[in-house]
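Here are the chains, one letter per residue:
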Amino acid sequence: MPQQSFDTESMPTRGPTSVAAADRVLHVLAVLAQHGQPMSAAELMEATGLARSTLYRQLARLKLWGFVLESNGHYAPGPLSLQLALGFDMASHLVHQARPDMQALARQSHESVGLVVAVNDSAVCLDMVDSTQALRCSFEKGRSVPLRAGASAKCLLAHVAPAARNAILDLHYGAGTAARQAAQTELEGIAKAGYAVSSGEVDAGVWGVSVPVFGSPRQAAGAITLMAPILRAQGQEAALTGMAVVAAARISRQLTPP
């Protein structure tokens, strides 16, 4: 998915120069974090829309602080980024509350279970409990995919605020198009059903069901996704969906204040 263009000449007025500079350096760090593998300067320029001189200034600052490492002309998240990730794992209330029921669901279903959240226009995996079976499906922690295809993405998109959902649909399908209307109708059906199901939409051979978890009665905090090989899920879809719905309800009760 193309990244938002972000350069000094085209940026809107946002206040002090220091704020704009902070936006640029954080944009570079976010692109590196989401890409999942080292990137060259050329790749970063294309993804961020920054001029070469501006990009190198941001990279120098990130390297100085340990957020980025450079090797053979390629850049990747550095040790301080890892420390932030470890701190998130230890401190995340959502992960802490969801994990016991995710583990129970994985044992009951014998399949893998992930915890995903919406970040801007992407679905990001926060936690993963892998199946113990030799043939299993999995989703790497920290991996992100566009909020477009697959059970996880559609479930999350169906439960974000209407204004954000409309903006994302316009981005993916174009405003006023038939494809956009079809996608919106599908999301309305998912919100009404309370879960999303997909089969081979993102990864061939993978079936999945995703159910929202709520941090308040009307606000989805994320979703849990049960994933299985299509061949093993065939004939078991209703049972697996029911298991996931029950697990998500238990997590929501933990998250929702009395």
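Residues numbered from 1 in each chain as written. Predicted model: local features only at pLDDT ≥ 70, side-chain atom pairs only at ≥ 80, totals over all residues. Heavy atoms only, no water.

Overview of the pairing of strand E8 (residues 206-216)
Stage number 1. Relative to E8, strand E7 (residues 196-199) runs antiparallel, the two being bridged by 4 bridges. Paired with Ala196 across the bridge in E8 is Ser210.
Stage number 2. In this structure, the hairpin formed by E7 and E8 is closed by a connection of 6 residues, where Gly200 is found at a positive phi of approximately 70 degrees.
Stage number 3. Across 10 bridges, the pairing between E8 and strand E9 (residues 219-229) is antiparallel. (Pairing = 2+ DSSP bridges. Helix = DSSP H or I, 4+ residues; strand = E, 2+ residues; numbered from the N terminus.)

Let's talk about the nonpolar core
Stage number 1. Ranked by size, the top nonpolar core spans 26 residues in total, and within it Leu94, Met102, Leu105, Leu115, Val213, Ile224 and Ile251 carry the most contacts.
Stage number 2. Elements represented by at least two residues in this core include exactly helix H5 (93-109), strand E4 (112-119), strand E5 (122-129), E8, E9 and helix H10 (237-255).
Stage number 3. Counting residues in each nonpolar core, the second largest holds 23 residues, with Leu156, Leu169, Ile190 and Ala223 among its members. (Core = buried A, V, L, I, M, F, W, Y, C linked by side-chain atoms within 4.5 Å. Buried < 20%, exposed > 50% of the residue type's maximum accessible area, 1.4 Å probe, protein only.)

Side note on the sheet that holds strand E2 (residues 68-71)
Stage number 1. The strand order E1-E3-E2 describes an open sheet built from 3 strands, whose pairing is antiparallel. The outermost strands of the open sheet, each flanked by one partner alone, are strand E1 (39-40) and E2.
Stage number 2. Here 4 bridges tie E2 to strand E3 (residues 74-77), and the two strands are oriented antiparallel to one another. The residue of E3 that forms the bridge with Glu70 is Tyr75.

Remarks on the layout of surface pockets
Empty space among the atoms becomes visible once a probe the size of a water molecule is rolled across them.
Stage number 1. In this structure, the second largest pocket occupies an estimated 280 Å³ of space.
Stage number 2. Elements supplying a minimum of two residues to the lining of the second largest pocket: helix H6 (151-158), E8 and E9.
Stage number 3. Considered class by class, the residues forming the lining of the second largest pocket number 11 nonpolar, 7 polar and 2 charged. (1 Å grid on protein atoms, 1.4 Å probe; cavity = no way out; pocket = protein on both sides within 12 Å on 5 of 7 lines; lining within 4 Å. Points joined across faces, edges and corners; volume = space filled by probe spheres on them. Nonpolar A, V, L, I, M, F, W, Y, C, P; charged D, E, K, R; others polar.)

Comments concerning the pattern of salt bridges
Stage number 1. Counting across every chain of the model gives 7 salt bridges.
Stage number 2. Between Glu111 and Arg232 there is a salt bridge, with its nearest N and O atoms 2.7 Å apart. Of this pair, Glu111 sits in the loop between H5 and E4 while Arg232 sits in helix H9 (residues 230-233), placing them 121 residues apart in sequence.
Stage number 3. The partly exposed category is assigned to Arg232, whose relative accessible area is 26%. (Salt bridge = Lys/Arg side-chain N within 4 Å of Asp/Glu carboxyl O.)

A closer look at the sheet that holds E7
Stage number 1. Pairing within the open sheet is antiparallel, and its 6 strands lie in the order E6-E5-E4-E9-E8-E7. Pairing within the sheet leaves two strands with one partner each, and these edge strands are strand E6 (144-146) and E7. Across the sheet, the mean angle from the axis of one strand to that of its neighbour is 30 degrees, orientation sign disregarded.
Stage number 2. Where E4 meets E9, 5 bridges bridge the pair, whose relative direction is antiparallel. Bridge pairing in E9 links Leu115 to Ile224. (Axes fitted to C-alpha atoms, helices over the stretch in contact; angles between N-to-C directions.)

Concerning the side chain of Ser252
Stage number 1. Summarising the element assignment, Ser252 is placed in helix H10.
Stage number 2. A relative accessible area of 12% means that Ser252 is categorised as buried.
Stage number 3. Ignoring any residue separated from it by four or fewer positions in sequence, one finds Ser252 in contact with Pro212, Val213 and Phe214. (Contact = heavy atoms within 4.5 Å.)

Description of the confidence of the model for the protein chain
Stage number 1. Put simply, the protein chain has an average pLDDT of 81, and 85% of its residues get 70 or more.
Stage number 2. Contacts of residues 1-19 to residues separated by more than four positions or lying in other chains number 30 contacts, the stretch itself having pLDDT below 50. (pLDDT = per-residue confidence, 0-100.)

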